[in-house]
Amino acid sequence: MSEFEIFEVELEDVYRYRLSYGGQSAYFHGLQNKTLVASRCSGCGFVWLPLRPICSKCYEPAHEYPLDGKGEVLTVVMLPETPEHLKHLGGRVASALVRPDGADTCIKAFVVTDTEELAYGTRVDARYLSEIRTIGDFYFVPDGRT
Ligand SMILES: [Zn+2]
């Protein structure tokens, strides 16, 4: 069979299913309740955000550990365009690595700001989207922005 004899059509499949977040569910319940829920290892004390049910450093169980939602920008890149789901907030949006207070990890998140630039070390506070579906359905704002 030559390549010209291969019959091809373009089809579209749509799958609808319920995705379980299993042992990470507390993180998502936290987002729904406007709280960043980390986990703290029962063995070494390492604090993970996003929450991990088992510590990746020592493999002991890690338990829910709510944070206050505040943190510090470690690195930041201003985005040329505002992501569609954040346009209703106004302002500029940066993609940043943020170290939440009380966590030993950092997390990638959007920061919505009224300024053209965002400095390393900027103190930020978490805000939450109205519908929680993914790990990133929250964002930060600099302290003082509503
Ligand atoms: Zn550990």
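The structure we're discussing is the one just above.
Throughout, residues of each chain are indexed from 1 in the direction in which the sequence is written. For this predicted model, a pLDDT threshold of at least 70 governs which residues receive local features, and a threshold of 80 or more governs which side-chain atom pairs are given and counted, while totals over whole chains, interfaces and linings are taken from all residues. Working from all heavy atoms in the structure, the side-chain values ignore hydrogens and water.

**Q** So what exactly am I meant to see when it comes to the overall build of the chain here?
**A** Starting at the N terminus, helices and strands are each numbered in turn, a helix being any DSSP run of H or I of at least four residues and a strand any DSSP run of E of at least two. A count of helices and strands for the chain gives 1 helix and 8 strands. When the helices and strands of the chain are read in sequence order from the N terminus, they spell out α-β-β-β-β-β-β-β-β. For this measure, only C-alpha atoms enter the radius of gyration; the expected value for a globule follows 2.2 Å times N^0.38, where N is the number of residues. In terms of C-alpha radius of gyration, the chain reaches 20 Å, well past the compact-globule figure of 15 Å for 146 residues. For the C-alpha atoms alone, the extent of the chain along its principal axes is close to 65 × 45 × 25 Å. Across the 146 residues of the chain, 38% fall into the buried class. For the chain, long-range pairs separated by at least 24 residues make up 52% of all intrachain contacts whose partners lie at least 6 apart in sequence. Surface accessibility follows the Shrake-Rupley procedure with a 1.4 Å probe radius. Residue values consider only the protein chains on display as shielding. With an accessible surface of roughly 9,600 Å², the chain has 51% of that area assigned to carbon and sulfur atoms. Asp and Glu are treated as the negative residues and Lys and Arg as the positive ones, with His and the ends of the chain left uncounted. Where a charge lies is defined by one atom per residue type, namely NZ (Lys), CZ (Arg), CG (Asp) and CD (Glu). In the chain, the 15 positive side-chain charges and the 21 negative ones have mean positions that sit 9 Å from each other. Accessibility here uses a 1.4 Å probe with only protein chains present; expressed as a share of the type maximum, an area under 20% marks a residue as buried, one over 50% as exposed, and anything in between as partly exposed. Working rule for contacts: check all heavy atoms of both residues, and any pair within 4.5 Å makes them a contact.

**Q** Just to check I follow, could you spell out the sheet that holds strand 2 (residues 47–48) for this structure?
**A** In a beta sheet, neighbouring strands pair by backbone hydrogen bonds and run either parallel or antiparallel. For two strands to count as paired, DSSP must find a minimum of two bridges between them. The 3 strands lie next to each other as 2-1-3, forming an open sheet whose pairing is antiparallel. Strands with a single pairing partner mark the edges of an open sheet, and in this sheet they are strand 2 and strand 3 (62–66). Judged from the 2 bridges that link them, strand 1 (residues 37–41) and strand 2 form a sheet pairing that is antiparallel. Pairing of arginine 40 across the sheet is with valine 47, part of strand 2.

**Q** What is the right way to look at the coordination of the zinc ion in this model?
**A** Metal coordination angles have textbook ideals: 109.5 degrees for a tetrahedral set of four donors and 90 or 180 degrees for an octahedral set of six. Counted as donors are the N, O and S atoms within 2.8 Å of the metal, or 3.2 Å for Na, K and Ca, while water is not among the atoms, so some sites may look incomplete. Every protein donor of the zinc ion is listed here as Cys41 (SG), Cys44 (SG), Cys55 (SG) and Cys58 (SG), and their distances to the metal cover 2.3 Å. A four-donor site is classed as tetrahedral when every donor-metal-donor angle falls between 85 and 135 degrees; four donors are called square planar, and six octahedral, when trans pairs exceed 155 degrees and all remaining angles lie between 65 and 115, with any other arrangement labelled irregular. Relative to the metal, the 4 donor atoms surrounding the zinc ion lie at angles of 94 to 120 degrees, and the coordination shape comes out tetrahedral. The sequence motif formed by the donor residues of the zinc ion is C-x2-C-x10-C-x2-C. With cysteine 41 in strand 1 and cysteine 55 in the loop between strand 2 and strand 3, this residue pair connects regions lying 14 residues apart in the sequence. For the pair cysteine 41 and cysteine 55, one class covers both residues: buried.

**Q** Hey, could you run me through the pattern of salt bridges in this one?
**A** Between side chains of opposite charge, a pair can form when the charged atoms approach closely. Salt bridges, as used here, are contacts in which a Lys or Arg side-chain nitrogen is within 4 Å of a carboxyl oxygen on Asp or Glu. All told, the structure shown has 6 salt bridges when counted by the stated rule. Of the charged contacts in the structure, one is a salt bridge between glutamate 84 and lysine 87, with a shortest N-O distance of 3.4 Å. Among the residues examined, lysine 87 registers a relative accessible area of 44% and is labelled partly exposed. Members of the salt-bridge network, linked through shared partners, are Lys70, Asp125 and Arg127.

**Q** Is there a simple way to think about helix 1 (residues 25–32) in this case?
**A** Because each turn of an α-helix spans 3.6 residues, side chains separated by three or four positions end up pointing in the same direction. All buried positions along helix 1 are accounted for by Ala26, Tyr27, Phe28, Gly30 and Leu31. Against the buried residues of helix 1 lie strand 1, strand 3, strand 6 (107–113), strand 7 (123–128) and strand 8 (138–142). One or two steps after helix 1, the chain reaches lysine 34, where phi turns positive at roughly 60 degrees.

**Q** What is the right way to look at the packing of aromatic side chains in this model?
**A** Any two aromatic rings considered together are summarised by their centre-to-centre distance and by the angle between their planes. Planes of paired rings set the category: under 30 degrees apart is stacked, over 60 is edge-to-face and the rest tilted, where pairs are Phe, Tyr or Trp rings (Trp by its six-membered ring) whose centres lie within 6.5 Å. Tallied over the entire structure, the rule returns 4 aromatic pairs. Centre to centre, the rings of tyrosine 27 and phenylalanine 28 are 5.1 Å apart; their planes meet at 85 degrees, and the pair counts as edge-to-face. Under the relative-accessibility criterion, tyrosine 27 is labelled buried at 1%. Taking relative accessible area as the criterion, phenylalanine 28 reaches 9% and is therefore assigned buried. Aromatic rings pair up to connect Tyr21, Tyr27 and Phe28 into one cluster. Consider the ring centre and the ring normal. A charge sits over the ring if Lys NZ or Arg CZ is within 6 Å of that centre and within 35 degrees of that normal. Lying across the ring of phenylalanine 110, lysine 108 places its NZ or CZ 4.8 Å from the centre.

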